[in-house]
Amino acid sequence: MNQTNSILAYLQAGNSITPLEALQRFGCMRLGARIYDLKGGGYPIITEMVKDERTGKRYARYSMVKV
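The rules behind these values
- Residues numbered from 1 in each chain as written.
- Predicted model: local features only at pLDDT ≥ 70, side-chain atom pairs only at ≥ 80, totals over all residues.
- Heavy atoms only, no water.
- Buried < 20%, exposed > 50% of the residue type's maximum accessible area, 1.4 Å probe, protein only.
- Helix = DSSP H or I, 4+ residues; strand = E, 2+ residues; numbered from the N terminus.
- Contact = heavy atoms within 4.5 Å.
- Polar contact = N/O pair within 3.5 Å; in protein donor to acceptor, adjacent residues only side chain to side chain.
- Core = buried A, V, L, I, M, F, W, Y, C linked by side-chain atoms within 4.5 Å.
- Pairing = 2+ DSSP bridges.

Here we come to helix H1 (residues 3–12). Along H1, the positions that sit buried rather than exposed are Thr4, Ser6, Ile7, Leu8, Tyr10 and Leu11. Tucked into the core, H1 has its buried residues touching helix H2 (19–26), helix H3 (31–40), strand S1 (45–51) and strand S2 (58–64). Put simply, Asn2 is the residue that caps the front of H1, since its side-chain oxygen is 3.2 Å from the backbone nitrogen of Thr4. Of the residues one or two after H1, Gly14 is the one with positive phi, at around 95°.

Structure follows, in structure tokens:
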């Protein structure tokens, strides 16, 4: 199973994912690109921008639309 399919299955299971989690779980260094591919394939993925209160850095958290 490739990274895109692994990430898709993870999201379809009701999980959300951040770039750091994608790197740790799937060895994916370009989560944004994989999400772009999935959105292009018609998958309803939500992007939420999150701010780390400790560092002030912002990052994306991706999840699928719940039906």
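Let's shift gears to the environment of Lys66. On the secondary structure map, Lys66 appears in the segment after S2. Separated by 22 residues in the primary sequence, Lys66 and Pro44 place their C-alpha atoms 8.9 Å from one another.

Counting residues in each nonpolar core, the largest one holds 14 residues, and the members touching the most others are Leu11, Leu31 and Ile35. If you list the elements that add at least two residues to this core, you get H1, H3 and S2. Counting residues per element, this core draws most heavily on H1, which supplies four residues. If near-sequence neighbours (up to four positions away) are discounted, Leu11 is found in contact with Ser16, Ile17, Ile35, Leu38, Ile45, Tyr62, Ser63 and Met64.

Attention now goes to the pairing of S1. Sheet topology note: the S1/S2 ladder contains seven bridges and is antiparallel. For Ile46, the partnering residue across the bridge sits in S2 and is Ser63. Following S1, the chain reverses through six residues before pairing antiparallel with S2; Gly56 in that reversal takes a positive phi of roughly 85°.

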